[in-house]
Amino acid sequence: MSLSSENKMNVKLNNKDMAVNNINSEHRVVYDTKDLNLWYSDTHALKDINLEINEKEVTAIIGPSGCGKSTYIKTLNRMVELVPGVRTTGTITYKNKNILDKSFKVEDLRTQVGMVFQKANPFPKSIYENIAYGPKIHGIRNKKVLDEIVEKSLRGAYIWDELKDRLNENAYGLSGGQQQRLCIARCLAIQPDVILMDEPTSALDPKSTLKIEELVQELKKEFSIIIVTHNMQQAARISDKTAFFLNGEVVEFDDTNTIFTNPNDSRTEDYISGRFG
Ligand SMILES: Nc1ncnc2c1ncn2[C@@H]1O[C@H](COP(=O)(O)OP(=O)(O)OP(=O)(O)O)[C@@H](O)[C@H]1O
């Protein structure tokens, strides 16, 4: 994994730049979802979802409360199956394998797909141990190697300079925004292919939010990122593709620029212009 230098904070956020990015990009599909349905017992939460998510892009999932955004993102790492009574049909192909197939080992997925939650959830351990934990579980014991992983991961999450002299302090002593970037660094330490983010900035102030948004723009050079957000401006600023969910269905999935400037479906237009949701 080669992480970008901390100095590269030159982020292009306006629609024109995004359009140029989209035209120039030729990405392979990282997740191919076909005819996915999901039920929580009797609740039909996802209905006939078909989505091709490209690698090394930011894909935003938007839609009103209860439309199935979190359910979908948690299906991508099979976290959703921890809920009793969940049933799925259809397929999600990741690296040529259907991850919903019973024979697919969920552990294989967890080493390749990291997740960042709405509320930062560091372990009650030192900053260093938070990052070293995953690599240690995967058998890395050499202190020098762990030191390198910790530094690289914190640099990758643009938080090395802030934390390099505090590595032995408890992570609970960090601000909310710092804790969230620490959690992103913890994801990077397992060298994932994909980072799932479920409303990662909804509990943060505008300054911390901006830092995470800038970080996402840098991370997409190395990783595929799927982000659930309630924040329309955020989706418009940072994503390449946007999927609009409503009542468990995908109403529209397209280049973010198209979704926000020229949507096909009147329901998309109504939602992004704030007429409901
Ligand atoms: N653990 C669960 N058990 C039963 N039903 C659930 C569970 N989690 C979600 N649901 C239902 O599935 C549907 C989709 O919920 P989900 O949390 O995916 O929506 P969301 O779009 O992420 O909402 P929000 O924006 O409020 O987080 C809702 O009807 C919800 O009540």
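Residues numbered from 1 in each chain as written. Predicted model: local features only at pLDDT ≥ 70, side-chain atom pairs only at ≥ 80, totals over all residues.

- Under the annotation held in an unreviewed UniProt entry, the protein carries the name Phosphate ABC transporter ATP-binding protein and is attributed to Oceanobacillus piezotolerans.

1. Focus: helix α4 (residues 127-137)
- Three or more residues of α4 are buried, namely I127, N130, I131, A132, G134 and P135.
- Elements that come into contact with the buried residues of α4 comprise α5 (143-156), α6 (160-163) and α7 (176-188). (Buried ≥ 20, exposed ≤ 12 C-beta atoms within 10 Å, placed from the backbone. Helix = DSSP H or I, 4+ residues; strand = E, 2+ residues; numbered from the N terminus. Contact = placed C-beta atoms within 7 Å.)

2. Here we look at the UniProt feature "domain: ABC transporter" (unreviewed entry) in the protein
- According to UniProt, the positions carrying the feature "domain: ABC transporter" (unreviewed entry) are residues 31-272.
- In the segment residues 31-272, helix accounts for 36% and strand for 27%; the C-alpha atoms at its two ends are 25 Å apart. (UniProt positions renumbered as here; feature names shortened; annotations may be inferred.)

3. A word on the sheet that holds strand β4 (residues 86-94)
- Taking strand neighbours across the sheet as the criterion, the four strands line up as β2-β1-β4-β5 in an open arrangement whose pairing is antiparallel. Edge strands, defined here as strands with exactly one partner in the open sheet, are β2 (43-54) and β5 (97-98).
- Here eight bridges tie strand β1 (residues 29-40) to β4, and the two strands are oriented antiparallel to one another. In the sheet register, T33 faces β4, and the bridge partner there is I92. (Pairing = 2+ DSSP bridges.)

4. Overview of the packing of α4 against α7
- It is the contact of α4 with α7, at a shortest axis distance of 7 Å, that shows an interaxial angle of 30°. As far as their axial angle goes, α7 and α4 are roughly parallel. Considering the relative orientation of α4 and α7, their crossing is right-handed. Residues I127, N130, I131 and G134 of α4 lie in contact with α7, whose contacting residues are L182, A185 and R186. (Axes fitted to C-alpha atoms, helices over the stretch in contact; angles between N-to-C directions. Parallel < 35°, antiparallel > 145°, perpendicular 65-115°, else oblique. Left-handed = near helix turned anticlockwise from the far one by under 90°.)

5. Some remarks on the environment of E57
- Among the structural elements, E57 can be located in the loop between β2 and β3 (58-62).
- The spatial distance from the C-alpha of E57 to the C-alpha of I99 is 21 Å, given a sequence separation of 42 residues.

6. Digging into the pairing of strand β6 (residues 113-116)
- Burial along β6 is two-sided: the face carrying V113 and M115 and the face carrying G114 and V116 are both buried.
- Two strands pair when backbone bridges link them, and β6 and strand β7 (residues 194-198) are joined in this way by four bridges, in the parallel orientation. Counterpart to G114 in the pairing with β7 is I195.

7. A short note on the domain arrangement of the protein
- As far as domains go, the protein holds domain 1 (11-28 + 54-78 + 102-112 + 192-277) and domain 2 (121-191).
- Here the C-alpha centre of domain 2 lies 25 Å away from the C-alpha centre of domain 1.
- Across the boundary between the two partners, domain 1 contributes eleven residues, which contact ten residues of domain 2.
- By residue class, the composition of the side of domain 1 that touches domain 2 is seven nonpolar, two polar and two charged. (Domains from an automatic or database assignment. Nonpolar A, V, L, I, M, F, W, Y, C, P; charged D, E, K, R; others polar.)

8. Concerning the site of the ligand
- As a structural note, the neighbourhood of the ligand is formed by Y40, T43, A45, G63, S65, G66, C67, G68, K69, S70, T71 and V83.
- Mapped by element, the contributors of at least two residues to the shell around the ligand are β2 and α2 (69-75).
- In terms of residue count, the dominant contributor to the shell around the ligand is α2 (three residues).
- For the shell around the ligand, the residue count by class is four nonpolar, seven polar and one charged. (Near = placed C-beta within 6 Å.)

9. Some points on α7
- Between the first and last C-alpha of α7 there are 19 Å, a value that for 13 residues agrees with the 18 Å anticipated at 1.5 Å per step.
- In terms of burial, α7 is largely enclosed, as twelve of its 13 residues are buried.
- When α7 is considered as a whole, its buried residues turn out to be G177, Q178, Q179, Q180, R181, L182, C183, I184, A185, R186, C187 and L188.
- Where the residues of α7 are buried, they touch β6, α4, α5, α6, β7 and α8 (206-219). (Expected span 1.5 Å × (residues − 1).)

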